[in-house]
Amino acid sequence: MLKEERQLAILNEVELHNRILLTDIAEKLNVSIDTARRDVKELDAVNKLRKVHGGAISLGFTGLASSNANIYALEEKITIAQKAIGLIREGSVIFIDGGTTCLELVRLIPPQLKLTCFTLSLPVAWQLLSNPDIKVILIGGEISRDAQISIGAYTVHQLSEIRFDYSFIGTGYVDAIHGLTEFDWEIVQMKKAVINASKKTVLLCISEKLNSQHQYKTCDINSINTMITELAPDNNLLNLYRNQDIHLL
């Protein structure tokens, strides 16, 4: 595989999953870790992604800017957010996860809709503050520099004392058999705590992530009440998920 082809494949993976590991790049492209590291450095140098320890992050996943110019699959994520808005009711107490799809959801919350919104995400909290009718509560803890969310035992403890009407979460990987998975153990602990604190959990997931898995399991697929993709609910790509005890939107 030529260098240009490798780097295009790396960009596609980092844009799809927001964050990737050098080990995953090396395995997927059948190259050495050193080659993967060099490719990531070169892509970082031309501002195509951001290099971090052990991997890379999508530019659309970084920073507190309100612009969505660097968001991968933006139209699909807006479609998902538009569907999710229909689940939010006046006066609800909700949780909104980090990630680019959740940011699109926040941008679409109608003005004058009074809500209490909890989040672990600095970018999501920043965006929520632009709506004066939303009470914004940032759940604290150690801040992950890569994911820009609160992590750690203190964060998990705070989540154990809250009950959300709805939580809107994202995931790196989702599979009908293996459920929701991630490569980051700390992120998994946060998502587990959010799901346990929620009356209903809504997964926001572009269809490209379907039928993928990684090392650490967040939950079984039927721990999610509703899964929203950009696809029509009767799309054949969702057939495996229709057999699970979840609602498809």
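Here is what the cut-offs are and how they apply
Residues numbered from 1 in each chain as written. Predicted model: local features only at pLDDT ≥ 70, side-chain atom pairs only at ≥ 80, totals over all residues. Heavy atoms only, no water. Phe/Tyr/Trp six-rings, centres within 6.5 Å; stacked < 30°, edge-to-face > 60°. Helix = DSSP H or I, 4+ residues; strand = E, 2+ residues; numbered from the N terminus. Pairing = 2+ DSSP bridges. 1 Å grid on protein atoms, 1.4 Å probe; cavity = no way out; pocket = protein on both sides within 12 Å on 5 of 7 lines; lining within 4 Å. Points joined across faces, edges and corners; volume = space filled by probe spheres on them. Nonpolar A, V, L, I, M, F, W, Y, C, P; charged D, E, K, R; others polar. Buried < 20%, exposed > 50% of the residue type's maximum accessible area, 1.4 Å probe, protein only. Lys, Arg positive; Asp, Glu negative; His and termini not counted. Salt bridge = Lys/Arg side-chain N within 4 Å of Asp/Glu carboxyl O. Polar contact = N/O pair within 3.5 Å; in protein donor to acceptor, adjacent residues only side chain to side chain. Axes fitted to C-alpha atoms, helices over the stretch in contact; angles between N-to-C directions.

A. Quick look at the packing of aromatic side chains. This structure, assessed with the given rule, holds four aromatic pairs. Centre to centre, the rings of Phe95 and Phe164 are 5.4 Å apart; their planes meet at 40 degrees, and the pair counts as tilted. One end of the pair, Phe95, is in strand E4 (residues 93-96); the other, Phe164, is in strand E9 (residues 164-169), with 69 residues separating them in the sequence. Cluster of aromatic residues (ring-pair linked, three or more members): Phe95, Phe118 and Phe164.

B. Quick look at the sheet that holds strand E6 (residues 134-138). Taken in spatial order, the seven strands of this open sheet run E6-E5-E4-E9-E12-E14-E15, and their pairing is parallel. Looking at which strands have only one partner, the edges of the open sheet turn out to be E6 and strand E15 (247-248). Pairing of strand E5 (residues 115-119) with E6 involves five bridges; the strand directions are parallel. From the neighbouring strand, Leu115 faces E6, where its bridge partner is Ile134.

C. Broad picture of the layout of surface pockets. Size it by volume and the largest pocket reaches roughly 240 Å³. Around the largest pocket, the lining residues are Ala9, Ile10, Glu13, His17, Ile20, Asp24, Ile25, Glu27, Lys28, Leu29, Tyr173 and His214. Elements supplying a minimum of two residues to the lining of the largest pocket: helix H1 (3-17) and helix H2 (22-29). Looking at which element gives the most residues to the lining of the largest pocket, the answer is H2, with five residues. Looking at the lining of the largest pocket, its residues break down into six nonpolar, two polar and four charged.

D. Representation of the side chain of Glu15 within the structure. Counting through the fold element by element, Glu15 comes out in helix H1. Of the side chains with opposite charge, Lys77 lies nearest to the buried Glu15, which makes no salt bridge, at 6.6 Å. At a separation of 2.9 Å, a polar atom in the side chain of Glu15 contacts the side chain of Ser58.

E. Summary view of the sheet that holds strand E2 (residues 50-52). Reading across the sheet, the three strands line up as E1-E3-E2 and stay open at both edges, with antiparallel pairing between neighbours. Taken across any chain shown, the strands that pair with only one partner, and hence form the sheet edges, are strand E1 (19-21) and E2. Ignoring strand direction, the axes of neighbouring strands in this sheet form an average angle of 25 degrees. Here E2 runs beside strand E3 (residues 55-57); their pairing, made up of three bridges, is antiparallel. By the bridge assignment for E3, Arg50 is matched with Ile57.

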